[in-house]
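# Examination of the molecular architecture
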Amino acid sequence: MTRILTLRRPDDWHIHLRDGAALLSLVPAAARQFARAIVMPNLRPPVTTVEAALAYRREILAAVPPGSTFDPLMTLYLTDNTTPEEVARASRSPFVHAIKYYPAGATTNSESGVTAIERASPALEAMERHGLPLLMHGEVTDPGVDIFDRERVFLDTVLEPLRARFPGLRIVLEHITTAEAAAYVTEASGEIAATLTAQHLLLNRNAIFDGGIRPHAYCLPVLKRETHRVALVEAATSGNPRFFLGTDSAPHSRANKESGCGHAGVYSAHAAIELYAEAFEAAGALERLEGFASLHGPRFYGLAPNEARVTLERVDWTVPASYPMADATVVPLRAGQTLHWRLV
Ligand code: NCD
Ligand code: ZN
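Just so it is clear, the structure is predicted and the values come from calculations on it, not from any experiment. (Residues numbered from 1 in each chain as written. Chains lettered and ligands numbered in written order. Predicted model: local features only at pLDDT ≥ 70, side-chain atom pairs only at ≥ 80, totals over all residues. Heavy atoms only, no water.)

### Considerations on the environment of Thr318
Here Thr318 shows up in strand 10 (residues 309-318). It is 6.0 Å that separates the C-alpha atoms of Thr318 and Gly336, two residues lying 18 residues apart in sequence. If we skip the residues at most four places from it in the chain, Thr318 touches Gly336, Gln337 and Thr338. (Helix = DSSP H or I, 4+ residues; strand = E, 2+ residues; numbered from the N terminus. Contact = heavy atoms within 4.5 Å.)

### Observations concerning the coordination of the zinc ion (ligand 2)
Coordination of the zinc ion (ligand 2) by the protein involves His14 (NE2), His16 (NE2) and Asp248 (OD), with metal-donor separations of 2.0 to 2.1 Å. What the four donor atoms of the zinc ion (ligand 2) show is an angle range of 90 to 148° at the metal, which sorts the shape as irregular. Every donor residue of the zinc ion (ligand 2) comes from the same chain, spaced as H-x1-H-x231-D. Taken together, the residues His14 in strand 2 (residues 12-15) and Asp248 in the loop between strand 9 (243-245) and helix 9 (254-257) connect sequence positions 234 residues apart. On the accessibility criterion, His14 (0% relative accessible area) is buried. (Donors = N, O, S within 2.8 Å, 3.2 Å for Na, K, Ca; no water. Tetrahedral: all angles 85-135°; square planar, octahedral: opposite > 155°, others 65-115°. Buried < 20%, exposed > 50% of the residue type's maximum accessible area, 1.4 Å probe, protein only.)

### Some remarks on the side chain of Arg57
Along the polypeptide, Arg57 turns up in helix 2 (residues 50-61). In this structure Arg57 comes out as buried when scored by relative accessible area, which is 15%. If we skip the residues at most four places from it in the chain, Arg57 touches Asp71, Pro72, Met74 and Phe95.

### Some points on the sheet that holds strand 9
Sheets are built from strands paired through backbone hydrogen bonds, the pairs being either parallel or antiparallel. An order of 2-3-4-5-6-7-8-9 is seen for the eight strands of this open sheet, with the pairing classed as parallel. Here the strands that pair on one side only, and so sit at the sheet edges, are strand 2 and strand 9. Strand-to-strand twist in this sheet, taken as the mean axis angle between neighbours without regard to direction, amounts to 30°. Note: strand 5 (residues 96-101) against strand 6 (residues 134-136), three bridges, orientation parallel. By the bridge assignment, Tyr101 is partnered in strand 6 with Met136. (Pairing = 2+ DSSP bridges. Axes fitted to C-alpha atoms, helices over the stretch in contact; angles between N-to-C directions.)

### Observations regarding the site of ligand 1
Taken together, the neighbourhood of ligand 1 is formed by 15 residues, with Asn42, Thr107, Leu220, Asp248 and His252 sitting nearest. For ligand 1, an oxygen atom lies 2.8 Å from a polar atom in the side chain of His252. Ala264 places a polar main-chain atom, nitrogen or oxygen, 3.2 Å from a nitrogen atom of ligand 1. Here ligand 1 has 310 Å² of accessible area as a free molecule, and 100% of this is covered by the chains. More than half of the atoms of ligand 1 fall within 2 Å of the grid points belonging to the largest cavity. Residue composition of the shell around ligand 1, grouped by class: four nonpolar, nine polar and two charged. (Near = heavy atom within 4 Å. Polar contact = N/O pair within 3.5 Å; in protein donor to acceptor, adjacent residues only side chain to side chain. Areas by Shrake-Rupley, 256 points an atom, 1.4 Å probe, with all protein chains shown as cover. 1 Å grid on protein atoms, 1.4 Å probe; cavity = no way out; pocket = protein on both sides within 12 Å on 5 of 7 lines; lining within 4 Å. Sits in = over half its atoms within 2 Å of the grid points. Nonpolar A, V, L, I, M, F, W, Y, C, P; charged D, E, K, R; others polar.)

### As for helix 4 (residues 121-130)
Counting along an α-helix, one turn takes 3.6 residues, and residues three or four places apart therefore face a common direction. Every buried residue of helix 4 is accounted for by Ser121, Ala123, Leu124, Ala126 and Met127. Buried-residue contacts for helix 4 involve helix 3 (84-92), strand 5, strand 6 and helix 5 (150-165). Downstream of helix 4 by a residue or two, Gly131 has a phi angle that is positive, lying close to 75°.

### Side note on the environment of Gly291
Mapped onto the elements of the fold, Gly291 is located in helix 11 (residues 289-301). A sequence separation of 48 residues divides Gly291 from Phe243, and the C-alpha atoms of the two residues are 9.2 Å apart.

### Observations concerning the packing of helix 3 against helix 4
Taken N-terminus to C-terminus, the directions of helix 3 and helix 4 make an angle of 30°; their axes are 8 Å apart at the nearest point. On the basis of their axis angle, the class for helix 3 and helix 4 is roughly parallel. Here helix 3 and helix 4 pass one another in a crossing that is right-handed. Contacts from Pro84, Val87, Ala88 and Ser91 in helix 3 reach Pro122, Ala123, Ala126, Met127 and His130 in helix 4. (Parallel < 35°, antiparallel > 145°, perpendicular 65-115°, else oblique. Left-handed = near helix turned anticlockwise from the far one by under 90°.)

### Points about empty space enclosed by the protein
In total, this model carries three cavities of 30 Å³ or more according to the counting rule given. The space that makes up the largest cavity amounts to roughly 120 Å³. Taken together, the residues of the lining of the largest cavity break down into five nonpolar, nine polar and three charged. Of the pockets and cavities examined, the second largest cavity occupies roughly 50 Å³. His216, Ala250, Pro251, His252, Lys257, Gly265, Val266, Tyr267, Val330, Val331, Pro332 and Leu333 together form the lining of the second largest cavity. (Points joined across faces, edges and corners; volume = space filled by probe spheres on them.)

Rendered as structure tokens:
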């Protein structure tokens, strides 16, 4: 059995770092393992301009612990009113790497998101021209569509028509959760990729209802049934460079999760690379982890892979029941349970 695993230092291509005092716990957790991370812009108010992204970047950098390196790769939040001029500014900035699409109302802080994708056409046309990737939260928001079907319906009703209109648009389908999305990304022509979270590789939807309602296993897109989890593991471990690591680590305070209307989001940055190692080991594909975690993402984003290496050892440790976050606490994925890999 493999006991020591050395990889190029990984990157996280989808993370929520929040802002304010929370940065002081969330940035060190990410920087412990990841050299870079694509930082989601769903703050209040959302990060809609290059100027706001640069200010947010400075705030993140101020929270990087002395002695560690961490490069936040910034994104803008697409709205109905994003202008081609702002897209051009973003494409010229060395610090802004993509624009994020949230369907209005789909998830946490998505109220300012796109109400109908046609409204964003001028921005999308500019992104296609400048080669700036569009990162998509791929779910429809129609309350008439079953929550477990919202990603699958999105592929046919939003993504496919969008790609027909903008065939040169570079797209990352974020945090995919279904066999259909994995097949779509595998088979599609053009520049398309997908990120996969640790929780969608490790858990199926039974985890949300395990002996009672489990708010800490609730995220969006919601966990799906086992057949989908198996298909996602297959995609992640296939070696196909279109699939790469994006934790979607999305912390909410314990009080906001354990509530009559608990917020969506799973916190996984405390042990992300260890959790992925567990999923890859279970699939007998540890040798494919480096491609997924450290090589495919930089290749899509046109960046060099990291030169530094990290080492994981196979040793049992217990995840704390919670971590501090600003003046609250956050309950991490696998709280109080044993993990089998540990970053040295
Ligand atoms: C994210 C959050 O909390 O910001 N929540 C989640 O469940 N993934 C928003 C998002 O990425 O959908
Ligand atoms: Zn997210």
